[in-house]
Structures are given as structure tokens and as C-alpha cells.
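# Reading the structure
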Amino acid sequence: MSRSDSSPDALDHEQLRVVRGRRSGVVIAVAVHSTQAGPAIGGCRITSYSHWRDGLDDVVRLSRAMTEKAALAGLPHGGGKSVIMDADAVLDERDRLLVLEDLAEVITSLDGAYLTGPDIGSTPEDMEIIHGLTGGLAFCRPESGGGSGNSSTATARGVLAALDAAADHVFGTGADLRVGVIGYGSVGRLVADELAARGCAVTTGDLDGSRRAVAEAAGLTWSTEDLLGEEFDVLVPAAVGGLLSEERARTCRARLIVGPANNQLTHDGVGSTLHERGVTWVPDVVASAGGIIHAVCREELGLTEEETTRRITAIGATVTEILTDARESGTTPQTAARDLAARRRTAVPA
Ligand code: PHE
């Protein structure tokens, strides 16, 4: 198997560390997919898995996606990811500190090959702790501590740029859109509220029903139905990944799917199914890049907020390039994105 084999089953990573934290007893996996363009970057996910193999699958796939995400965003980084397998989802404050210390030890031992950031289940406050313990190997500490803070606003801005460009491509400019936003969490909420404020008809839903009142107050329709089966112009996956299986791709009723959830397809073939059915899917590696762009531009490249916003908004131009290329060459957006990532990777100064 060649090193560049990017099939989902290939272990094309530089490093995969799996340890049981000696302080916490919790299993931690850190994957460094690539450092070719620069240190691997990727968030720290703290979540429970029904099986440790699922956690390893997650870290292997998510870190690979980060390499593509960084390349498409033109950042001097490769991809990595860390996963803390909080078996019973019960980490209390003391255990949480121990597990962060354990993770910091792994990160330190990687000698700068991996830089972390927030992800599902982790916060800027956690990054502050890791930053302190590793001598600076974590992004998105709170602004009060000198970091770039919560990346949700930037991620949402990137999603909106991607959505606008893709909607222009699919429906033409200025169409009245019916939008379904799956997940009303930190990013989904910002995207849904902004679209509603612009006059789109937005329906949302979340496993956490306590979010309903806030959504309705923002003018959204709340639904407990499976939004994937409902009829929308645009569907925005903003909850956990793996939403689109082969079967669901065959029955989903949106014309355009674009959102921040990582790893939206259960496997690559699903992209072809969507394509054959005339559903335009914007790869999440493009749509979700606002967070890392913001963190890297502000904390590492020293760009102003204004210049950083320009780089985030440029996600729109990347989406247009990918969808145009896919249309002209008859490939899927996924393939077009992968090709563009390869071209941009070679263009990033090492
Ligand atoms: N969750 C972010 C992402 O997947 C991770 C991240 C944000 C990493 C900011 C570093 C800096 O893009």
C-alpha cells in the first residue's frame, strides 16, 4: 500500500499513540496524520464511545480530514486529532484536570508535531490548562489569557460563507431558501439564527430539548423529526458526524448539504450516491475550516481580525472553485476538494 493511499481503511498516519493516562486511568488516543506542511493541528474531543475501536476510528479519520482542511485553508499545518475516551461520560472536575494532564504529557512527548485546540467536549479553559502544561501547544485559550478564544463564531462565519457560495451555485443568487439545521449547539445556533435574521425559513432541532425556547425566541421552527427526511433546499449538519450513511443518502430530500459537523459521511462512497441523486454536498473539510483559520491567523500568523475575517470569508471562493470544478469535470465535490487540497498543499510554504 502506498503512503499516500487515502482510502478510509488505510493507516496513512505518521503516528498514532494510544495510552491509558497514568493519572486519570482514561484512554487517550492522539493521531498525527501529517506534518508535511507543518505541525499537525486538530482539536481535542472528549466524549464517550460504546467501544474503544470507535474512538480509534474517530481519531484516525478526523486527523486525516484535518490535513485536508488545513491544506484547503492554505494554512502551514498538517492534520492531527486527539480523543479522550470518557467511558461513562462522568469526568468530574478533578478527573478532568487529571485527564488534561495526561493528554498534555502525550502532547509534550510528541515534541511539537501536534498542536491541539477545542473540539466537541473541550473548552477554551481546557486549552488554557494544556497550553500551560505543554509550553504553548494549544490554540484557543480564552481571550483574557491571551488566546483567540472560542472558535464557534469563526466557524459559523465560515459555514455561512460556504453556504452562500454553494446556494448561488445551486439555486442562483437571491433565492428564498428553506433551511434545516441539524443541531442547535454552539455553531449550529449561530448559523441558524443568522439565516433566520436574513429572512430564510429555518427549522432546527437538537437532542437537547432545553434549547427549544431559545430557538423559538430567535424565530426558528423547532422540530423533533428527523430533519434529514424532511424537504428543505439546504440542510446544515451541525451535530455529531456520521450523519449520512449510504441508505440515508438515498432518501434525503435536500438539494444542498453544507455544514460544520466533522466526518458527515459514514464512508467515501456516500459522496457518490449523493452526487448521482443530484444532491450537492459541500465537504465538511471546507465548510468547517473557519475555526482553525481564525486560531492560526490570530495566534500564530499575527494577522488582524479584519484580515482574518477575509481569510475565513474566502472559504466561499474555495467552495465555488470546488463546485465549478466538480460540475465541469463530472466528479464529486469530494474528489474536486481532494484535488484542490493536493494542489494547495504543494503551494504552502513549508
Ligand atoms: N474543532 C476544530 C476543528 O476541527 C479544532 C481546532 C480549532 C483546532 C482551532 C485548532 C484550533 O477545526
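To start, this report covers the structure provided alongside it. None of the values given here were measured: they were computed from a predicted structure.

Moving on, we get to the overall build of the protein. Counting its secondary structure elements, the protein contains 13 helices and twelve strands. Here the C-alpha atoms of the protein give a radius of gyration of 19 Å, agreeing with the 20 Å that 2.2 N^0.38 yields for 350 residues. Taken along its principal axes, the extent of the C-alpha atoms in the protein is 55 × 45 × 40 Å. By residue count, 53% of the 350 residues in the protein fall in the buried class. Within the protein, counting contacts between residues at least 6 apart in sequence, those at least 24 apart form 64% of the total. Total accessible area on the protein stands at roughly 15000 Å², and carbon and sulfur atoms take up 49% of it.

So, about the pairing of strand 10 (residues 234-237). Here strand 10 shows a buried face lined by Val234 and Val236 and a second buried face lined by Leu235 and Pro237. Across four bridges, the pairing between strand 7 (residues 178-182) and strand 10 is parallel. Across the sheet, Gly180 pairs through a bridge with Leu235, a residue of strand 10. Bridge count for strand 10 against strand 11 (residues 256-257) is two bridges, and the pairing is parallel. When the sheet's bridge partners are listed, Val234 is paired in strand 11 with Leu256. At this point the chain moves from strand 10, through helix 7 (residues 246-251), to the parallel strand 11, and the crossover so formed is right-handed.

Moving on, we come to the packing of helix 4 (residues 152-171) against helix 12 (residues 315-329). Contact pair helix 4 / helix 12: the axes reach a minimum separation of 8 Å and the direction vectors enclose 35°. Crossing of helix 4 over helix 12 shows right-handed handedness. Every residue of helix 12 that contacts helix 4 at Gly158, Ala161, Ala162, Ala165, Ala166 and His169 is listed here: Ile315, Gly316, Val319, Thr320, Leu323, Thr324 and Arg327. A per-class count over the contact of helix 4 with helix 12 returns seven nonpolar, five polar and one charged.

Scoring rules and cut-offs
Residue numbers here run from 1 along each chain, matching the order of that chain's written sequence. At least 70 in pLDDT is required for a residue's local features to be given in this predicted model, at least 80 for side-chain atom pairs to be given and counted, and no such filter applies to totals for whole chains, interfaces and linings, which use all residues. Hydrogens and water molecules were not included; the side-chain quantities draw on all heavy atoms of the structure. Elements are defined by DSSP. Helices are runs of H or I of four residues or more, strands are runs of E of two residues or more, and each kind is numbered from the N terminus. We compute the radius of gyration from the C-alpha atoms alone; for a globule the expected value is 2.2 Å times N to the 0.38, where N is the number of residues. Any residue under 20% of the maximum accessible area for its type is buried, any over 50% is exposed, and the rest in between are partly exposed; the area is computed with a 1.4 Å probe on protein chains only. We call two residues contacting when some pair of their heavy atoms lies within 4.5 Å. Accessible areas in this description were obtained via Shrake-Rupley with a 1.4 Å probe; residue shielding takes into account the shown protein chains only. Two strands qualify as a pair provided that DSSP identifies no fewer than 2 bridges between them. Here is how to tell: hold the view so the strands point away, follow the path from the first strand over the helix to the second, and if it runs clockwise the crossover is right-handed. Fitted lines through C-alpha atoms serve as axes, helices being fitted only where they are in contact, and the angles separating the N-to-C directions of these axes extend from 0 to 180 degrees. With the far helix as reference, a near helix turned anticlockwise by less than a right angle produces a left-handed crossing, and one turned clockwise produces a right-handed crossing. Think of it as three bins: nonpolar holds Ala, Val, Leu, Ile, Met, Phe, Trp, Tyr, Cys and Pro, charged holds Asp, Glu, Lys and Arg, and polar takes everything else, Gly as well.

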